[in-house]
Amino acid sequence: MNDAHNGNKGGTGLVLEGLDGANPLAFLAALGVLRGLSIAWPGRLVELSWTDRDAWRPCLHVDRETISRADALDGLISFADLRSGHEALDIGDNLTLSPDRFREAATAAARSSTGSHAGRARADFIAGFGCEAATDRNHVVRDTALRTLRGAGHQHFLKTMRDLAEYTTADSFEKCLFHPWNRSDQRLSLRWDPEDDRRYALRWRDPSKEAAGTEWGANRLAFEAIPLFPVAPVGSTLTTTGFRGARADDTFFTWPIWDVPVNLDTARSILSLDELQRDTPDRHRLGPMGIREVFRSQRMNTGRYRNFSPARSV
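Remember, predicted model here, so these are calculated numbers, not experimental data.

Caption draft 1: Seen up close, the packing of helix α1 (residues 24-40) against helix α8 (residues 264-271). Two elements in contact, α1 and α8, have axes whose closest approach is 10 Å; the angle formed by their N-to-C orientations is 145°. Only Leu264, Ala267 and Leu271 of α8 make contact with α1, whose side of the interface consists of Phe27, Leu31, Leu34, Arg35 and Ser38. The residue makeup of the contact of α1 with α8, split by class, is six nonpolar, one polar and one charged.

Caption draft 2: Here's a closer look at the pairing of strand β9 (residues 237-240). Of the two faces of β9, only the one carrying Leu238 and Thr240 is buried; Thr237 and Thr239 on the other face are not. Across four bridges, strand β8 (residues 231-234) lies against β9 in antiparallel orientation. Residue pairing for β9: Val234 is matched across the bridge by Thr237. Joining the antiparallel neighbours β8 and β9 is a turn of two residues, in which Gly235 adopts a positive phi near 65°.

Caption draft 3: Structural view of the sheet that holds strand β2 (residues 46-52). Read across the sheet, three strands follow the order β1-β3-β2 without closing on themselves; strand pairing throughout is antiparallel. Whereas interior strands pair on both sides, the edge strands pair on one side only; in this sheet they are β1 (14-15) and β2. As judged from the seven bridges shared by β2 and strand β3 (residues 56-62), these two strands associate in the antiparallel manner. Within β3, the residue paired with Thr51 across the bridge is Arg57.

What counts as what
- Residues numbered from 1 in each chain as written.
- Predicted model: local features only at pLDDT ≥ 70, side-chain atom pairs only at ≥ 80, totals over all residues.
- Heavy atoms only, no water.
- Axes fitted to C-alpha atoms, helices over the stretch in contact; angles between N-to-C directions.
- Helix = DSSP H or I, 4+ residues; strand = E, 2+ residues; numbered from the N terminus.
- Contact = heavy atoms within 4.5 Å.
- Nonpolar A, V, L, I, M, F, W, Y, C, P; charged D, E, K, R; others polar.
- Buried < 20%, exposed > 50% of the residue type's maximum accessible area, 1.4 Å probe, protein only.
- Pairing = 2+ DSSP bridges.

What follows is the structure in structure tokens.
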């Protein structure tokens, strides 16, 4: 296998062995690593590719060289301490906001925005959360298709992000990035992992009586990818980058896997490709862009929550 296909341009890259590109939570976490280190190291070239081992694993490249696990973790801790753009998480516990309240938050974010990735972080989060131009029957802004929680069972979308930012440690990052997931952390899940789908019909015991296990580090990194998935009003509804469908039974998240290193801005462009949303994306068109695989997961309503199905290749 040549270097270009293996994502090895400019060095082998640091493989994040704990992340499986077929898992939506792990894919979002990989993007969170790319965005996080791009903000923590503004003077360095941070890129991400994927390598096909036992699964598609993300490969981290910095200044076209391989960095150590310790360096990557140090950078991520520096980024976590910055909490770049996290003012946007303070607009409420959930995204059940009136148009006026959301417009106020969006205006404040836009006015404080600057040209750097860090300087625009607050505005990028708001752009990924929702839009005051589209409201539901309760006159609440329509929000991102990545939203899985809305207060049911005392689980809150934005509050969970704030709690993850508070409690996640360096060990949490190291565990989720470089080791197989054992999902030993309790609660604080954003429900992007297909393993979070805990329907009674799929289990021997009543899942409501079992503690839900998750990976805090993966969830903490994954929510940092939200700024890469802005929303836009389409008619009376809202469309989220990377998604197709709008109803409970026809909403799908589609994401690409590429094998050449790309920076944050290029990754943002790749995620928005129209070709990815076709029933069967044209691999002949995607191949020259370095895209080697496309995964799709259905977002489902399960009781009071939203969940994502195991992904399939399309």
